[in-house]
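# Working through the structure, step by step
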Amino acid sequence: MLQVKQLDKRFGHHYALLGVSLDIKDGEIHALVGENGAGKSTLIKILTGIYSSDGGNILLHDKKIEITEPKVARKIGIQVVHQDRQLINSFTGYENLFLGLTYPTYKVGFKIRWKAMKQKAEQLKTNLGISLDLGKLAEHMTPSEKTMLEIMRAAMLDCRLLILDEPTAALNDEESELLFDLINKLVAKGTSILYVSHRMNEILRLSHRVTVMRNGKVAGTYFTKDMSKEKLVQLMTDQTTAANKHIKRSVNSSKLDVLQLEGVSSFDQKVQDVSLHVKQGEIVGIFGLAGSGRTELLETIYGTRKIRNGKLVIKGRNITSFSPKKSLSRGVILIPEDRRADGLILNMSVRENMTLSTLPKFSSIFRMKKKKEQAVVHTWMGKLQVKAVSQEQPITELSGGNQQKVVFAKALLSDPILFLCDEPTQAVDVMTREEIHRLLIEQAKKDAAVLLVSSDVQEVLDIADRIYVLHEGKTVAEFPNKAVTSEQILQVCYNQRKQSDVINE
Amino acid sequence: MNRMQTTYAVSLRKWFRVYGTLFAGILIILCFSLLSPDSFATVDNVINISRQISFLVIISLGATLVMAVGEFDLSIGAMASLGGVVAAKLAVAGQPMWLCILIPLVVSVVIGYINGWIITKFKVLSFITTLGMGTVLGGITFWLTDGATIFENIPDSFRYLGQKMWFTVPILSFIMLFLTIVFWYIMSHTAFGRKLYAIGGNESASRNAGVAVAQNKNLAFAFCALLAALAGILMASRLGSAQPTSGDGLFLPAYAAAFLGMTSFKEGVPNIWGTFVGAAIIGILANGLTMLEVPSFLQDVVTGCIVIVAVILQKIGRDAS
């Protein structure tokens, strides 16, 4: 039905997709799997008209088509249900259902024919066998009801291909079952499904065929019945490039713990019962899939997320009151994931950004010690090789990598004993990535402790001494970084089964 | 050669973005000087203008502080009225002058801090909160005065600050200049000022950098209320009477001045000298137009249009860069 041939997509010099080919048959559930950054989202965005491709063709029933904008995709019957629900909370189910469609109105005047709308919606509901109170406001709906509503919305239009992006991410087991029933009903009516998920069990159970993506390329399309979890994960992790660059450093076991967590849960339960410890001079990696609570864990330690219970000990002192300011005074620093939103003051200069955490060093009550500030900033720009015209240059004019260096310089200025790094090399160039890794290892040599969160297994394997795997807010495994492979770590993540799988097997 | 021309054009544009408002102010002065040469461009009138704008400048400084942290305080007009009324009442009751000034100032700091506390503690919009506070303060002012102007039995000493001169320059003008310099210094040469700007620039990043966001915001609101009350007291002193609505007229021009100020010196950022220039432009316009016998309603129209044009120019300037 839909054929994708040799699709390319470039961002700058970097290929996000390279020669991607894929075909989806009528009434097929086609699964799409791959690691973070393998190119799944990019492919979906091209199919739905959000991105344009830089090469290759898309054919619909053997006819070449150009999906220039989302409207076009909808018109030719490609509908998508995004991971983050796109509903208007203050609207009812009915209103959300007709969003973006022409409302049925009376011939005279513009009054909407609510009755006709309701009838049409109810009919669709019966056709699909969904039980859902459409009179409810979207904000009062459960995640499952919202998913159903979104699928109904897709079905309102001519829906030949339905793309589902992590549809079960927010659903519990029973709700997932309802979703699977609905998917099967749609397929029976001839709709094709492109099913994107991290959950191997669902894929194996639901799909007819599965395409594995890796580093922007298709690693292969297979019949699901020939596949197993192990095989899929193996295909996803590219063994050829996975040479472990980790330089083994022996962490003296007599060193003291800088950070100890015992049964720590956050108030919103995004972090549940986490226990871990980080020693002086140790780099500890935390790996987990999207939504596993990685960022939330660091925020809980740093004090930007409320802690519910558990014990948090820093350098032998039991911590009972939390705030970033207090964390900083204890020598704990957070390198946030989103540096533009949480790390930098965008309308300030390199200098002003760099000294923000350590203003007391550069000021008395009555004035800023400008000379001292300038001298120190100058030194650190040199040390970290920050490329900027001057320290007065607005931070926004710097490249991502150099901005991140400023964030690191700011952190280093406060002489931290514990670094909480959240995706420290995200959206930085390869050179800077190496530099940041070297910097963290150097800090570890100086007896600082590093807790590193990354969605890139390779990064964790490259520099961490010990690795924890996080799943649904809990630590589920711990590995010393010896002879452990990315495959093993991913197996742990993907093998976290849901209750329903255990029952069904 | 070509490249030199382009860099020249770029630097000219940049110069215009940074000093454009100041330039416009000078242009306005030149126009009025030509239109009414005998009355506008005289030493007496300059002194007169400096006295007229002093209240506006002082109250605008406070508005600039809260705008720097990314908030608004809509209660400053009511705060000024209350400040003037309390001071006048105390003066009528025969309290010593220093107490008549100190008490309303202390009250204003407490009220400002409460404003900040409500906003930072409950994470509510400053817009609505201070609108509510302004209404409360207005009510209290009316209760204190029964809605009437206080003018009887006000001692002469109360008029000292508002009406006396030092070396032929009004004391009011000295106070205005002194406070402008003090707050310019605070905002650009102390860690406190740096923190306020950081909070306004990115609250989340500031918090992560260990800046006590709530505490500093509360202080900004306290300073803002303090300056508003002071403007109200000085205005009562100048008039020798206190009206329960005297501050209302200052509220909108104060924000107009601060917005105009954002178009100069530190572009897109509320800044003290920018606010000073903004307030001066508004004051000079009022003065010059009055001399040209332009009716006051038309003056409002002109002032309003200038503010709108200023924000548009600033937006265009920023998009071009």
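The sections below set out a description of the structure shown in this document. Bear in mind that the values here come from a model prediction, so they are computed numbers and not experimental data. (Residues numbered from 1 in each chain as written. Chains lettered and ligands numbered in written order. Predicted model: local features only at pLDDT ≥ 70, side-chain atom pairs only at ≥ 80, totals over all residues. Heavy atoms only, no water.)

## Things to note about the interface of chain A and chain B
Our working definition: Working rule for contacts: check all heavy atoms of both residues, and any pair within 4.5 Å makes them a contact. Take a side-chain nitrogen of Lys or Arg and a carboxyl oxygen of Asp or Glu: if they are within 4 Å of each other, that pair is a salt bridge. Identification of polar contacts relies on pairs of N or O atoms within 3.5 Å, with a donor-acceptor requirement for protein atoms, meaning one able to donate a hydrogen and the other able to accept it, and with residues adjacent in sequence counted only if both atoms are side-chain atoms. The helix and strand labels rest on DSSP assignments: H or I over at least four residues marks a helix, E over at least two residues marks a strand, and numbering proceeds from the N terminus. By the convention adopted, Pro, Cys, Tyr, Trp, Phe, Met, Ile, Leu, Val and Ala count as nonpolar, Lys, Arg, Asp and Glu as charged, and the other residues, Gly among them, as polar.
Across the boundary between the two partners, chain A contributes 29 residues, which contact 21 residues of chain B. When the shortest N-O distance is used, the salt bridge between Arg194(B) and Glu373(A) registers 2.8 Å. Connecting chain A to chain B are twelve residue pairs in polar contact (both at pLDDT 80 or more). Elements with a minimum of two residues in the side of chain A that touches chain B: helix 10 (324-329), helix 11 (339-343), helix 12 (350-354) and helix 13 (370-383) of chain A. It is helix 11 of chain A that provides the largest number of residues to the side of chain A that touches chain B, a total of four residues. Residue classes in the side of chain A that touches chain B are distributed as 14 nonpolar, six polar and nine charged.

## Considerations on the packing of helix 4 (residues 97-122) of chain B against helix 10 (residues 213-239) of chain B
All names here are of chain B. What counts here: Every angle, taken between N-to-C directions, lies between 0 and 180 degrees, and every axis is a line fitted to C-alpha atoms, over only the stretch in contact when it is a helix. Two helices that cross are described as forming a left-handed crossing if the nearer one is turned anticlockwise from the farther one by less than a right angle, and a right-handed crossing if clockwise.
It is the contact of helix 4 with helix 10, at a shortest axis distance of 7 Å, that shows an interaxial angle of 145 degrees. When the axes of helix 4 and helix 10 are compared, the crossing they make is right-handed. Only Ala 214, Lys 217, Asn 218, Leu 219, Phe 221, Ala 222, Ala 225, Leu 226, Ala 229, Leu 230 and Ile 233 of helix 10 make contact with helix 4, whose side of the interface consists of Ile 101, Pro 104, Leu 105, Ser 108, Val 109, Gly 112, Tyr 113, Asn 115, Gly 116, Trp 117, Ile 119 and Thr 120. Grouping the amino acids of the contact of helix 4 with helix 10 by side-chain chemistry returns 16 nonpolar, six polar and one charged.

## Some remarks on the pattern of salt bridges
Heads up, the condition is: Exposure classes here rest on a 1.4 Å probe applied to the protein chains alone. A residue is buried below 20% of its type maximum, exposed above 50%, and partly exposed in between.
Overall, the coordinates contain 25 salt bridges over all chains when judged by the stated rule. The salt bridge partner of Arg209(A) is Asp23(A), with a shortest N-O separation of 3.6 Å. Of this pair, Arg209(A) sits in strand 9 (residues 209-214) while Asp23(A) is found in strand 2 (residues 14-24), placing the two residues 186 residues apart along the sequence. Taking relative accessible area as the criterion, Arg209(A) reaches 8% and is therefore assigned buried. The closest approach of N and O atoms between Glu66(A) and Lys64(A), which form a salt bridge, is 3.7 Å. Across this residue pair, the class does not change: Glu66(A) and Lys64(A) are exposed. Here the salt bridges do not stand alone but share partners, grouping Arg351(A), Glu352(A), Glu373(A), Glu392(A) and Arg194(B) into one network.

## Quick notes on the packing of helix 8 (residues 229-236) of chain A against helix 17 (residues 486-494) of chain A
Residues and elements named next belong to chain A. Applied cut-off: For classification purposes, angles smaller than 35 degrees are called roughly parallel, those larger than 145 roughly antiparallel, those between 65 and 115 roughly perpendicular, and all remaining angles oblique.
Where helix 8 meets helix 17, the axes come as close as 10 Å, and the angle between the chain directions of the two elements is 130 degrees. Considering their axes alone, helix 8 and helix 17 lie oblique with respect to each other. Helix 17 is crossed by helix 8, and the crossing has right-handed handedness. The residues of helix 17 that touch helix 8, namely those facing Lys 229, Glu 230, Val 233, Gln 234 and Met 236, are Glu 487, Leu 490, Gln 491 and Tyr 494.

## Describing the side chain of Glu166(A)
Which entries qualify depends on this criterion: As used throughout, the charge tally considers Lys and Arg to be positive and Asp and Glu to be negative, leaving His and the chain termini uncounted.
Mapped onto the elements, Glu166(A) comes out in the loop between strand 7 (161-165) and helix 6 (173-188). Look at Glu166(A): it is buried, it has no salt bridge, and the nearest opposite charge is Lys40(A) at 5.1 Å.

## Concerning the environment of Phe223(A)
Residues and elements named next belong to chain A. Mapped onto the elements, Phe 223 comes out in strand 10 (residues 217-223). Phe 223 sits in the partly exposed class, given a relative accessible area of 44%. In this view, Phe 223 contacts His 208 and Arg 209; residues no more than four positions away in its chain are not counted.

## A short note on the sheet that holds strand 17 (residues 418-422) of chain A
All names here are of chain A. Test applied: A pair of strands is labelled paired if DSSP reports no fewer than 2 bridges between them.
In space, the six strands of this open sheet follow the order 16-17-18-13-19-20, with mixed pairing throughout. For this open sheet the edge positions go to strand 16 (332-335) and strand 20 (474-480), each flanked by a neighbour on one side alone. Each adjacent strand pair in this sheet contributes to an overall mean axis angle of 20 degrees, direction not counted. Of the strand pairs in this sheet, strand 16 and strand 17 are connected by four bridges, and their pairing is parallel. Bridge assignment links Leu 334 to a residue of strand 17, and that residue is Leu 420. Packing against the sheet, helix 14 (residues 400-413) makes contact with strand 16 and strand 17, and its axis sits at approximately 175 degrees to strand 16. Helix-sheet contacts for helix 15 (residues 430-445) involve strand 13 (283-288), strand 17 and strand 18 (449-454), and the interaxial angle to strand 13 is about 135 degrees.

None of the figures reported here should be taken as evidence of function without further support.
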